[in-house]
Amino acid sequence: MARLQVNIDHVATVRQARGGVEPDPVHAAVLAELGGASGITIHLREDRRHIQDRDLEILRMTVGTRLNLEMAASDEMVAIACRVRPEQVTLVPEKRQELTTEGGLDVAGNLEHVQRAVRLLRGDGRIVSLFIDPDAGQVAAASAAGASAVELHTGRYALARDAEAARRELAELRRAAQAAASGALVVHAGHGLNYQNTAAVAALPGIEDLNIGHSIVARAVLVGLERAVREMVEIIAAGSHP
Ligand code: PXP
């Protein structure tokens, strides 16, 4: 059965909107683990737009399942990962202006650079995963780069216009998962997965971990909102003049 790693970046996005201390992604990680998550994923971006260095340091000590650090293959990030030592690192492309990670990493086009980062990161037995498009050439390059896993980008599947396009994208994911598994790579998948489109990806043979963030945080805002409002109403009622 595929396992869920919960990406909590957008809990930090809400915190950064006010530059304060709440909501704390460290608290969200505890609740995600209590909810059954098999791992916690965070993306420490160069511009620190959501997750901060402090979050990484604390989560490294508090996450009891597996901490998966998404990051660019830059010297700065490689040095941070080697110092903080999360159980897993996922290398992703990063552009300053993007709203979220757009395409997969071009491993084939940057083989030496990625190879060097993987070599440094795998040093003490860490899982190093490369976020790639479901493409045979990129799977082969991930193998050549020495990665232990690939995360197949499910964005095109998630954004498919209709059922026929979704079927085609799912077939691409299936083929890439097969190629990766036969090359001894562990297979992860993620991006754009939600409460409607995840089951079909979880059912693909060989998928071990799914990284899901935005849809879970978005749903949490709604299914948890009623209680948050009720508690505030009670506080106001208790403090009001009779
Ligand atoms: N996997 C990778 C590599 C990502 O960059 C992201 C987004 O941060 C995700 C998975 C999660 O995507 P989403 O927030 O759409 O679930």
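Residues numbered from 1 in each chain as written. Predicted model: local features only at pLDDT ≥ 70, side-chain atom pairs only at ≥ 80, totals over all residues. Heavy atoms only, no water.

Asker: Can you help me understand the overall build of the chain in this one?
Answerer: On a plain count of helices and strands, the chain comes out with eleven helices and eight strands. For 242 residues, the compact-globule estimate of 2.2 N^0.38 gives 18 Å, and the chain sits close to it at 19 Å. Burial analysis of the chain (242 residues in total) assigns 44% to the buried set. Counting only contacts in the chain whose residues sit at least 6 apart along the sequence, the fraction spanning at least 24 positions is 65%. When the accessible surface of the chain is split by element, carbon and sulfur atoms take 56% of a total near 12,700 Å². Side-chain charges in the chain split into 26 positive and 31 negative, and the spacing between the mean points of these groups amounts to 2 Å. (Helix = DSSP H or I, 4+ residues; strand = E, 2+ residues; numbered from the N terminus. Rg over C-alpha atoms; globule rule 2.2 N^0.38 Å. Buried < 20%, exposed > 50% of the residue type's maximum accessible area, 1.4 Å probe, protein only. Contact = heavy atoms within 4.5 Å. Areas by Shrake-Rupley, 256 points an atom, 1.4 Å probe, with all protein chains shown as cover. Lys, Arg positive; Asp, Glu negative; His and termini not counted. Charge placed at Lys NZ, Arg CZ, Asp CG, Glu CD.)

Asker: What's the story with the nonpolar core in this structure? I'm lost.
Answerer: Formed by 61 residues in total, the largest nonpolar core has its most connected members in Ile8, Met71, Leu91, Leu130 and Leu152. It is helix H8 (residues 163–182) that provides the largest number of residues to this core, a total of six residues. Once residues within four sequence positions are removed from consideration, Ile8 is found in contact with Pro25, Ala28, Ala29, Ile40, Thr41, Ile42, Ile51 and Leu59. (Core = buried A, V, L, I, M, F, W, Y, C linked by side-chain atoms within 4.5 Å.)

Asker: What exactly am I supposed to notice about the packing of aromatic side chains here?
Answerer: Both the distance between ring centres and the angle between the ring planes are used here to describe each pair of aromatic rings. Enumeration according to the criterion identifies zero aromatic pairs in this entry. Across from the ring centre of Tyr195, 4.4 Å away, lies the NZ or CZ of Arg219, which sits over that ring. (Phe/Tyr/Trp six-rings, centres within 6.5 Å; stacked < 30°, edge-to-face > 60°. Lys NZ or Arg CZ within 6 Å of the ring centre and 35° of its normal.)

Asker: Quick question: what am I supposed to make of the pattern of salt bridges here?
Answerer: For side chains of opposite charge, pairing can occur when their charged atoms come near one another. As enumerated under the stated definition, the model contains 16 salt bridges in all. The closest approach of N and O atoms between Asp55 and Arg54, which form a salt bridge, is 2.8 Å. We classify Arg54 as partly exposed; its relative accessible area is 38%. A network of salt bridges, in which partner residues are shared, links Arg15, Asp24, Arg54 and Asp55. (Salt bridge = Lys/Arg side-chain N within 4 Å of Asp/Glu carboxyl O.)

Asker: Hey, could you run me through helix H3 (residues 53–62) in this one?
Answerer: The periodicity of an α-helix, 3.6 residues per turn, causes residues three or four positions apart to be oriented the same way. Within H3, burial applies to Asp55, Leu56 and Leu59. Down the axis of H3, the smallest arc covering the buried residues is 95 degrees, so these residues share one side. Buried positions along H3 lie against helix H1 (9–16), helix H2 (25–34), strand S2 (39–43), strand S3 (67–71) and helix H4 (75–84). (Arc of directions from axis to C-beta.)

Asker: Can you help me understand a nonpolar patch on the surface in this one?
Answerer: Nonpolar side chains collect at one region of the surface, where Val221, Leu222, Val223, Leu225, Val229 and Val233 lie side by side and expose about 550 Å² of accessible area between them. Of all the secondary-structure elements, those providing two or more residues to the nonpolar patch are helix H10 (214–223) and helix H11 (225–239). Within the secondary structure, Val233 sits in helix H11. Its relative accessible area of 49% is what places Val233 among the partly exposed residues. (Patch = residues over 30% accessible without salt bridge, like charges linked within 9 Å, V, L, I, M, F, W, Y side chains within 5 Å.)

Asker: Would you take a moment to explain the packing of H3 against H4 for this structure?
Answerer: Between two packed helices, the angle of one axis relative to the other and the distance separating the axes together describe the packing. Running from amino to carboxyl end, H3 crosses H4 at an angle of 25 degrees, the nearest separation of the two axes being 11 Å. Taken together, H3 and H4 sit at an angle that is classed as roughly parallel. Where H3 crosses over H4, the handedness of that crossing is right-handed. The segment H3 lies against H4, with Asp53, Leu56, Glu57 and Arg60 engaging Ile80, Arg83 and Val84. A breakdown of the residues in the contact of H3 with H4 according to their chemical character gives three nonpolar, no polar and four charged. (Axes fitted to C-alpha atoms, helices over the stretch in contact; angles between N-to-C directions. Parallel < 35°, antiparallel > 145°, perpendicular 65-115°, else oblique. Left-handed = near helix turned anticlockwise from the far one by under 90°. Nonpolar A, V, L, I, M, F, W, Y, C, P; charged D, E, K, R; others polar.)

Asker: Honestly, the environment of Ala79 in this entry has me stumped. Any pointers?
Answerer: With respect to the element layout, Ala79 can be found in helix H4. What makes Ala79 partly exposed here is its relative accessible area of 47%. Each C-alpha atom, one on Ala79 and one on Leu120, is 9.0 Å from the other, the two residues being 41 residues apart in sequence.

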